[in-house]
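Summary of structural features
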Amino acid sequence: MMMTDRPELINLIPSSWVGYALGTLGGFPSQGFSIKTSVLLPSPIAITSSKPDLYNLEYIEWLARCGVVPHVPALCEAVNDITNAVGDDGVCRIPVVDAIFKGWGPYAGLQLETDWKSNIRRDCDITFRALLILHYSNIIV
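We now turn to the structure provided with this report.

The rules behind each value
- Residues numbered from 1 in each chain as written.
- Predicted model: local features only at pLDDT ≥ 70, side-chain atom pairs only at ≥ 80, totals over all residues.
- Heavy atoms only, no water.
- Helix = DSSP H or I, 4+ residues; strand = E, 2+ residues; numbered from the N terminus.
- Buried < 20%, exposed > 50% of the residue type's maximum accessible area, 1.4 Å probe, protein only.
- Contact = heavy atoms within 4.5 Å.
- Areas by Shrake-Rupley, 256 points an atom, 1.4 Å probe, with all protein chains shown as cover.
- Phe/Tyr/Trp six-rings, centres within 6.5 Å; stacked < 30°, edge-to-face > 60°.
- Core = buried A, V, L, I, M, F, W, Y, C linked by side-chain atoms within 4.5 Å.
- Axes fitted to C-alpha atoms, helices over the stretch in contact; angles between N-to-C directions.
- Parallel < 35°, antiparallel > 145°, perpendicular 65-115°, else oblique.
- Left-handed = near helix turned anticlockwise from the far one by under 90°.
- Expected span 1.5 Å × (residues − 1).
- Lys, Arg positive; Asp, Glu negative; His and termini not counted.
- Salt bridge = Lys/Arg side-chain N within 4 Å of Asp/Glu carboxyl O.
- Polar contact = N/O pair within 3.5 Å; in protein donor to acceptor, adjacent residues only side chain to side chain.
- Nonpolar A, V, L, I, M, F, W, Y, C, P; charged D, E, K, R; others polar.

1. Section: the overall build of the protein chain
When you go through the protein chain residue by residue, the secondary structure sums to 4 helices and 6 strands. Along the protein chain, helices and strands appear, N-terminal first, in the series β-β-β-β-β-β-α-α-α-α. A total of 141 residues make up the protein chain; the buried ones form 38% of that total. If you take every contact in the protein chain between residues at least 6 apart in sequence, the share linking residues at least 24 apart comes to 49%. Per element, the accessible surface of the protein chain, about 8500 Å² overall, is 58% carbon and sulfur.

Right under this line is the structure:
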């Protein structure tokens, strides 16, 4: 989906200028878009850190809806990981970026459950998104 032929542009944050830098305003990097990374929210920029990699199911869902999963090896790998994370009980336990789900705002908002005070509510939200991704990827669990 994005070229990575110019290493100097990988993780470059596009800025908005009005005489001075306003910031990214949620803009995507020009190269090196990531679906699984330790992230600096709200930006999808890859950050080198000791934190474990987490999946951004929102981006994966968007790309699955576009039908590009079979054509992008990194997406195929992510969808396979999601498939493998669905347990015998039907619950998906994939590590995700919680901030993408919780609450609704200009940068995030996938949470369907009222709150995540119980683990089952969190599991339901994640499983719903995971199953949407598998559906749009034409994967049967």
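2. Thoughts on the packing of aromatic side chains
As enumerated under the stated definition, the model contains 1 aromatic pair in all. With 5.2 Å between their ring centres and 50° between their planes, Tyr-59 and Trp-62 make a pair best called tilted. In this pair, Tyr-59 and Trp-62 both sit in helix 1 (residues 57-66), 3 residues apart, roughly one turn of the helix. For Tyr-59, a relative accessible area of 9% puts it in the buried group.

3. Things to note about the nonpolar core
Membership of the largest hydrophobic core comes to 26 residues, with the highest contact counts inside it found for Leu-57, Ile-60, Ile-82, Cys-92 and Ile-94. Sorting the residues of this core by element identifies helix 1, helix 2 (73-85) and helix 4 (119-136) as the ones contributing at least two each. Dropping the residues within four chain positions of it, Ile-94 is found in contact with Tyr-55, Leu-57, Asp-81, Ile-82, Ala-85 and Ile-126.

4. Focus: the packing of helix 2 against helix 4
Viewed as axis vectors pointing N to C, helix 2 and helix 4 meet at an angle of 130°, and their least axial separation amounts to 10 Å. Taken together, the axes of helix 2 and helix 4 lie oblique to each other. The handedness of the crossing between helix 2 and helix 4 is left-handed. Taking contact as the criterion, the partners of Val-79, Ile-82 and Thr-83 in helix 2 are, on helix 4, Ala-130, Ile-133 and Leu-134.

5. Regarding helix 4
At 3.6 residues per turn, the α-helix brings residues three or four places apart onto the same side. The first and last C-alpha atoms of helix 4 sit 26 Å apart over 18 residues, in line with the 26 Å expected at 1.5 Å per residue. Those residues of helix 4 that fall on the buried side of the exposure criterion are Asp-123, Asp-125, Ile-126, Thr-127, Arg-129, Ala-130, Leu-132, Ile-133 and Leu-134.

6. Comments concerning the environment of Ile-126
Inspection of the secondary structure puts Ile-126 in helix 4. Note on Ile-126: relative accessible area 1%, which makes it buried. Measuring from C-alpha to C-alpha, the distance between Ile-126 and Cys-92 comes to 6.6 Å, with 34 residues separating the pair along the chain. Once residues within four sequence positions are removed from consideration, Ile-126 is found in contact with Leu-57, Cys-92, Ile-94, Val-96 and Phe-101.

7. Thoughts on the side chain of Asp-125
Among the secondary structure elements, Asp-125 is positioned in helix 4. Arg-129 provides the closest opposite charge to the buried, salt-bridge-free Asp-125, at an N-O distance of 6.6 Å. Only 2.8 Å separates the side chain of Asp-125 from the side chain of Trp-116, close enough to count as a polar contact. Apart from residues no more than four positions distant in its own chain, Asp-125 is found in contact with Phe-101, Gln-111, Leu-112, Glu-113 and Trp-116.

8. Let's talk about the packing of helix 1 against helix 4
When two helices pack together, their arrangement is given by the angle between their axes and by how far apart the axes lie. Here helix 1 crosses helix 4 at 25°, and the two axes come no closer than 8 Å. Between helix 1 and helix 4, the crossing angle belongs to the class labelled roughly parallel. Viewed along their axes, helix 1 and helix 4 form a crossing whose handedness is left-handed. Counting all contacts with helix 1, which are made through Leu-57, Ile-60, Glu-61, Ala-64 and Arg-65, the residues of helix 4 involved are Ile-126, Arg-129, Ala-130, Leu-132, Ile-133 and Tyr-136. Of the residues assigned to the contact of helix 1 with helix 4, the class counts are 8 nonpolar, no polar and 3 charged.

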